[in-house]
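Summary of the model geometry
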Amino acid sequence: MSTRGPALLLFLALPALGCQSHPEKGVVDQYFNAVNAKDTQTLASFAAVSFDKKVDRWDITKTLDETKSDAPLPALAQKVKELEAELAANTKAARAYNNERYVELDQLKALKKDAPVPSKLQPVKVEWDKFSDKDRELKKAIANAKAEVEKEKRSVVRSVGEADDVESLAGEMKEKQIELDLTIGGQVQPYVMTVRKYEMKRESGPRVVSRWVVQGLQPRS
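So, a few notes on the structure that sits alongside this text. (Residues numbered from 1 in each chain as written. Predicted model: local features only at pLDDT ≥ 70, side-chain atom pairs only at ≥ 80, totals over all residues. Heavy atoms only, no water.)

Concerning the side chain of Ser210
By the element assignment, Ser210 lies in the loop between β4 (187–201) and β5 (213–219). A relative accessible area of 17% means that Ser210 is categorised as buried. For Ser210, the side chain forms a polar contact with the main-chain oxygen of Tyr198, separated by 2.8 Å. Those residues in contact with Ser210 that sit more than four places away from it in its chain are Ser159, Val160, Lys197, Tyr198 and Glu199. (Helix = DSSP H or I, 4+ residues; strand = E, 2+ residues; numbered from the N terminus. Buried < 20%, exposed > 50% of the residue type's maximum accessible area, 1.4 Å probe, protein only. Polar contact = N/O pair within 3.5 Å; in protein donor to acceptor, adjacent residues only side chain to side chain. Contact = heavy atoms within 4.5 Å.)

Have a look at this one:
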């Protein structure tokens, strides 16, 4: 009985088994091929970090456990809306207070710089300062929250592509850390690459097609 058939099947199966052991190998290869080609445009399309050294060889030594968490973008976008609503409420309250105490507030504005505040105006100044301080704090918080949204949006877009409704997509964020041996200038150096993938879905419709992208790369201690 010939064993050629089963042996051939086993031979054909080996590459597939190798791909299954490191399914993220494709993004690792794409990354270092783009690094060596100094193709910054391609890198920017799927990686949040660059690398300024030529890599002669790269080998995956270990893939750490995958972590899953809720995709943060919808919550970050909601936080911006909540802060903006809080700012609008503070502005409305300040206007109402100004209408009630416009005489005292005009007197405060008329005071020269560094002049002492009359005792009868002190309570009004304290209350008005609360509105002003809260206004500054909320505007700063909104700016920071919007920056977080834009940062996370760029990360999502690298994984799922451009989408008009990207801020409303809900789902999971998956991350893996990949231990690598990089041969740089003839020396093998250990690194850790973080890859990320977003499993997102619209409220009605199929899951959005996504891919693994490079989120971080640093020397392994």
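Text resumes after the structure shown.
A short note on the nonpolar core
Counting residues in each nonpolar core, the largest one holds 24 residues, and the members touching the most others are Val28, Tyr31, Phe32, Phe51, Leu180, Leu182 and Met193. The set of elements that each furnish at least two residues to this core consists of α2 (25–37), α3 (40–46), β1 (57–63), β3 (170–184), β4 and β5. The element that contributes the greatest number of residues to this core is α2, accounting for six residues. Not counting residues up to four positions away in its chain, the partners in contact with Tyr31 are Leu43, Phe46, Ala47, Val49, Ser50, Phe51, Met193, Val214 and Leu217. With 19 residues, the next largest nonpolar core counts Ala71, Leu73, Leu169 and Tyr198 among its residues. (Core = buried A, V, L, I, M, F, W, Y, C linked by side-chain atoms within 4.5 Å.)

Observations concerning the pairing of β4
Looking at chain direction, β3 and β4 are connected through 15 bridges and run antiparallel. Paired with Thr183 across the two strands is Val188, which belongs to β4. Counting the residues between successive antiparallel strands, the hairpin from β3 to β4 contains two residues, one of them, Gly185, with a positive phi of roughly 60 degrees. Pairing between β4 and β5: six bridges, direction antiparallel. Residue pairing across strands places Thr194 opposite Gly216, the latter belonging to β5. (Pairing = 2+ DSSP bridges.)

Some words on helix α4 (residues 73–100)
Counted at 1.5 Å a residue, the expected span for α4 with its 28 residues is 40 Å, and the 41 Å between its end C-alpha atoms agrees. Among all positions in α4, only Leu73, Ala77, Val80, Leu83, Leu87, Asn90, Ala94 and Tyr97 are buried. Residues of α4 that are buried in the fold lie against α5 (102–110) and α6 (122–160). (Expected span 1.5 Å × (residues − 1).)

Focus: the packing of α5 against α6
Where α5 meets α6, the closest approach of the two axes is 10 Å, and the angle between their N-to-C directions is 90 degrees. Relative to α6, the element α5 lies roughly perpendicular. The residues of α6 that touch α5, namely those facing Glu104, Leu105 and Leu108, are Val124, Lys125 and Trp128. For the contact of α5 with α6, a count of residues per class yields four nonpolar, no polar and two charged. (Axes fitted to C-alpha atoms, helices over the stretch in contact; angles between N-to-C directions. Parallel < 35°, antiparallel > 145°, perpendicular 65-115°, else oblique. Nonpolar A, V, L, I, M, F, W, Y, C, P; charged D, E, K, R; others polar.)

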